[in-house]
Amino acid sequence: ELPHGRIAQLAVVGFIWPALFGTFPGNENFGGADAYSYINPLEAITKVPELAIYQIVGGMAWVEFQRVIRIKEQGKNRVVGDIGIGYPGGWNPFNLNYSPEEYADKQLQEIKHCRLAMIA
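The shown structure was predicted, so the numbers you read here are calculated from the model rather than taken from an experiment.

The rules behind each value
Residues numbered from 1 in each chain as written. Predicted model: local features only at pLDDT ≥ 70, side-chain atom pairs only at ≥ 80, totals over all residues. Heavy atoms only, no water. Axes fitted to C-alpha atoms, helices over the stretch in contact; angles between N-to-C directions. Helix = DSSP H or I, 4+ residues; strand = E, 2+ residues; numbered from the N terminus. Parallel < 35°, antiparallel > 145°, perpendicular 65-115°, else oblique. Left-handed = near helix turned anticlockwise from the far one by under 90°. Contact = heavy atoms within 4.5 Å. Nonpolar A, V, L, I, M, F, W, Y, C, P; charged D, E, K, R; others polar. Expected span 1.5 Å × (residues − 1). Salt bridge = Lys/Arg side-chain N within 4 Å of Asp/Glu carboxyl O. Buried < 20%, exposed > 50% of the residue type's maximum accessible area, 1.4 Å probe, protein only. Phe/Tyr/Trp six-rings, centres within 6.5 Å; stacked < 30°, edge-to-face > 60°. Patch = residues over 30% accessible without salt bridge, like charges linked within 9 Å, V, L, I, M, F, W, Y side chains within 5 Å. Areas by Shrake-Rupley, 256 points an atom, 1.4 Å probe, with all protein chains shown as cover.

Caption draft 1: Looking closely at the packing of helix 1 (residues 2-21) against helix 4 (residues 100-119). Contact geometry of helix 1 with helix 4 gives a least axis separation of 8 Å together with a crossing angle of 60°. Compared by their axis directions, helix 1 and helix 4 come out oblique. The handedness of the crossing between helix 1 and helix 4 is left-handed. Facing helix 1, whose interface residues are L2, H4, G5, R6, A8, Q9 and V12, helix 4 presents E110, I111, H113, C114, A117 and M118. Across the contact of helix 1 with helix 4, the residue classes break down as seven nonpolar, four polar and two charged.

Following this line, the structure appears as structure tokens:
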């Protein structure tokens, strides 16, 4: 639930961002100058270059593959949602130091946001 919720949160941002701030310009060699300017996702899926669709599918497959690797490595001691970022001993670029109670609260906030994004 957690990894898919995180992806859903990114998808919500990807859905809202173009409507608020516009889109990136396309390229004549990759679907035309306006290939990425469609805000309606049902229309956009038919207008973007085929290579972009493969890139999206490949990115999703990579995330799932990394998740499966972590599940196999950790076995029964698996940390749910662990992708190697932000967990104790994981990559922590902002040097966030939460107490166990604060950390549990942040985890609850995250799962609530993930569920809301999956509904959206």
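Caption draft 2: Region of interest: helix 3 (residues 50-74). An ideal rise of 1.5 Å per residue puts 36 Å on 25 residues; helix 3 measures up with 37 Å between its terminal C-alpha atoms. Positive backbone phi, at 60°, marks G75, one or two positions downstream of helix 3.

Caption draft 3: The pattern of salt bridges, seen in detail. Tallying each qualifying case throughout the model produces three salt bridges. Here E64 and R67 are joined by a salt bridge, their closest N and O atoms 2.9 Å apart. Here the residue E64 and the residue R67 both occupy positions in helix 3, the gap between them amounting to three residues, near one helical turn. Take R67: its relative accessible area is 22%, and that puts it in the partly exposed class. One salt bridge in this structure joins R70 and E73, with 4.0 Å as the shortest N-O distance. One end of the pair, R70, and the other, E73, are both in helix 3, three residues apart, so they sit about a helical turn from each other.

Caption draft 4: A look at the packing of aromatic side chains. This structure, assessed with the given rule, holds one aromatic pair. When the ring of W17 is compared with that of F21, the centres are 4.4 Å apart and the planes differ by 45°; the resulting orientation is tilted. Within this pair, W17 and its partner F21 are both found in helix 1, separated by four residues, close to a single helical turn. Take F21: its relative accessible area is 58%, and that puts it in the exposed class.

Caption draft 5: Structural context of helix 1. With 20 residues, helix 1 should cover 28 Å at 1.5 Å per step; its first-to-last C-alpha distance of 28 Å lies within 8% of that length. Those residues of helix 1 that are buried lie in contact with helix 3 and helix 4. Looking one or two places after helix 1, you find G22, whose phi comes out positive at around 90°.

Caption draft 6: Inspection of a nonpolar patch on the surface at higher detail. There is a patch of nonpolar side chains on the surface, built from V13, F15, I16, W17, L20 and F21 and spanning about 670 Å² of accessible area. Along the chain, the position of L20 falls in helix 1. A relative accessible area of 60% places L20 in the exposed class.

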